Amino acid sequence: MGAASAGLVASAVLAGAVIAADPETGLAAPHACRTSVHGSAPASQRPATGPAAASAADFDGDGHADLVFGLGSDKGLLEGPFERDGTPARTAAVPAPSRPAGDVDGASYGDLVAGDLDGDGADELVTFHYDWSPDASWSRTRRPVGLYRGGPDGLTRADGVDLPDAATGAVGDVDGDGYGDLVLSPRGGDASRSSVTVVYGSESGPGKRRTTIDRDTPGVPGEEPQDEDAVFVSLDTGDVNGDGYADVVAGASRWGPYVEPGPEQVLFLAGGPEGPTGEGARVFEGGDLPGSHERAGFGAEVALSDLDGDHRAELVVAEPGGDTADGSVWLLPGTDDGPSAGGVTRLSGGTFDDDERLDLLMGGGGIAR
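The rules behind the values
- Residues numbered from 1 in each chain as written.
- Predicted model: local features only at pLDDT ≥ 70, side-chain atom pairs only at ≥ 80, totals over all residues.
- Heavy atoms only, no water.
- Helix = DSSP H or I, 4+ residues; strand = E, 2+ residues; numbered from the N terminus.
- Buried < 20%, exposed > 50% of the residue type's maximum accessible area, 1.4 Å probe, protein only.
- Contact = heavy atoms within 4.5 Å.
- Areas by Shrake-Rupley, 256 points an atom, 1.4 Å probe, with all protein chains shown as cover.
- Pairing = 2+ DSSP bridges.
- Axes fitted to C-alpha atoms, helices over the stretch in contact; angles between N-to-C directions.
- Salt bridge = Lys/Arg side-chain N within 4 Å of Asp/Glu carboxyl O.
- Lys, Arg positive; Asp, Glu negative; His and termini not counted.
- Core = buried A, V, L, I, M, F, W, Y, C linked by side-chain atoms within 4.5 Å.
- Phe/Tyr/Trp six-rings, centres within 6.5 Å; stacked < 30°, edge-to-face > 60°.
- Lys NZ or Arg CZ within 6 Å of the ring centre and 35° of its normal.
- pLDDT = per-residue confidence, 0-100.

> Sorry if this is basic, but what is going on with the overall build of the chain here?
Helix and strand content of the chain: zero helices and 26 strands. The burial tally for the chain puts 54% of its 369 residues in the buried class. The long-range share in the chain, meaning contacts at least 24 apart out of those at least 6 apart in sequence, stands at 52%. As displayed, the chain offers around 15,600 Å² of accessible surface, 47% of which is attributable to carbon and sulfur atoms.

> Looking at this structure, how should I read the sheet that holds strand β5 (residues 66-68)?
Two pairing modes exist for strands in a sheet, parallel and antiparallel, and in both the strands are linked by backbone hydrogen bonds. Sheet architecture is open: four strands sit in the order β4-β5-β6-β7, paired in antiparallel fashion. Strands with a single pairing partner mark the edges of an open sheet, and in this sheet they are β4 (55-57) and β7 (90-94). Going from strand to strand, the sheet's axes swing by 35° on average, the running direction of each strand aside. As paired strands, β5 and strand β6 (residues 73-79) are joined by two bridges and run antiparallel to one another. Pairing of L67 across the sheet is with L78, part of β6.

> Hey, could you run me through the pattern of salt bridges in this one?
Two side chains bearing opposite charge may form a pair once their charged atoms approach each other closely. Tallied over the full model, the rule gives five salt bridges. Where E79 meets R90, a salt bridge forms, and the shortest distance between an N and an O atom there is 2.6 Å. In this pair, E79 is assigned in strand β6 and R90 in strand β7, connecting sequence segments 11 residues apart. Two residues, D336 and R312, come together in a salt bridge whose shortest N-O distance is 2.6 Å. With D336 in the loop between β23 (334-335) and β24 (338-339) and R312 in the loop between β20 (301-305) and β21 (314-319), this pair connects stretches of sequence that are 24 residues apart. With a relative accessible area of 55%, D336 lands in the exposed category. Ionic contacts of the salt-bridge type, sharing partners, join the residues D62, E79 and R90 into one network.

> Looking at this structure, how should I read the sheet that holds β21?
Here four strands make up an open sheet; going across it, the order is β20-β21-β22-β25 and the pairing antiparallel. What marks the edges here is a single partner per strand, and that holds for β20 and β25 (345-348). Averaged over all pairs of adjacent strands, the angle between strand axes in this sheet comes to 20°, irrespective of strand direction. In this sheet, strand β22 (residues 328-332) lies alongside β21 in antiparallel orientation, the contact comprising five bridges. Each bridged residue has a counterpart across the sheet, and for L315 the counterpart in β22 is L332.

> Would you mind showing me how to read the side chain of D58 here?
Here D58 is to be found in the loop between β4 and β5. Here D58 is buried and forms no salt bridge, its nearest opposite-charge partner R90 lying at an N-O distance of 8.5 Å. With sequence-adjacent residues up to four places away left out, D58 is seen in contact with G63, H64, D66, G121, A122 and D123.

> Would you mind showing me how to read the nonpolar core here?
Nonpolar side chains in soluble globular proteins tend to end up buried together. Counting 17 residues, the largest nonpolar core has V174, V183, V196, L235, V248 and L269 as the members making the most contacts within it. Among the secondary structure elements, those contributing two or more residues to this core are β14 (196-199), β17 (247-252) and β18 (265-269). The element contributing the most residues to this core is β17, with three residues.

> Just checking my understanding: could you explain the packing of aromatic side chains for this structure?
This model, assessed by the stated rule, comprises zero aromatic pairs. Its guanidinium or amino end placed over the ring of Y200, R209 lies 3.7 Å from that ring's centre, counting from NZ or CZ.

> How should the confidence of the model for the chain be read in this particular structure?
Close inspection of predicted coordinates is inappropriate for parts of the model with low pLDDT. For the chain, the mean per-residue pLDDT works out to 77, and 68% of the residues sit at or above 70. Across the chain, β14 holds the top mean pLDDT of 96, while strand β2 (residues 18-21) sits lowest at 30. Low pLDDT, under 50, characterises residues 1-52; the stretch is placed with 164 contacts to residues that sit more than four places away or in other chains. Ignoring residues within four places in sequence, the model shows residues 358-363, a span with pLDDT below 50, making 22 contacts including any to other chains.

> I keep staring at the pairing of strand β16 (residues 234-238) and nothing clicks. Help me out?
Regular strands show a simple pattern: their side chains alternate between the two faces of the sheet. Taken across its five residues, β16 has five buried, putting it largely inside the fold. The pairing of β16 with β17 spans five bridges and is classified as antiparallel. Its bridge partner being in β17, G238 is matched across the sheet by D247.

What follows is the structure in structure tokens.
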């Protein structure tokens, strides 16, 4: 594989979670490190399971990567540069999350996403919480989203910023204005199962300008699914077609022991001067790619990364597999028209049986760069 697989690891990082509750708000803050793990069944309702979230980014704007591994911790932010043994330059506190809403009793966090949403050179931290009940319907399931602003003093809680409920997200400049935009997989209320919402960044951070794309948007192929397990559980952004705008990919994997069977899909949305509009959208279905299996979780994780240096991001799709199917990762090359199923490469454990220069590790449903 050479350059195509350099620096890419597809794996599931498993670790225990320690739960710390903020005595003032009563909100739980789990501490552990992972790539990205999402709920399994039903995907629209079940909270994140397994290890908790960590996020690496430049939160203080000094040009060095930092690591957040816990909210509400006096040492939750490890500031770079790091020594070779992992020792940070210093540590700093991360405030506990505020109560997302008056009617939310508790909201542990299950995912963290980072990116510069206000163009000041310091990354913001977006937190995804859940107030889950096994009996809650789609419209009543609460998935609050919080925001921490980055700056020279580290992370500060941005109370009063109204973000839509969502299960996960990604940050990328989808309209090319120089500000990172927050791309979300919305939940609850009137959100459709197949929707992606963009909250556009600005000098003051994520603002009121928002766009929602779903299967009813002109140009987006396919019909609106009616079951709750068809929601998008993974998102990423990157420039697939080389036009200078970040594009969006979203995976609906239906992975888990209790989900309803159905199409396992990845949606591609092209960025542009107005952000994603539906023009140029494409859908990739697991069963259409060589070696994919039914109910194997195609799209459980997606990533966009330029793996061959041609200034077009490849689409990387993870399929965790199951009892009767091995896990796989597909690399779809970036082209002027978006990801292409022509020239697709499938990677599985057998790909590297006789290769001593392993630079890709197959595991569960995560993708780490």
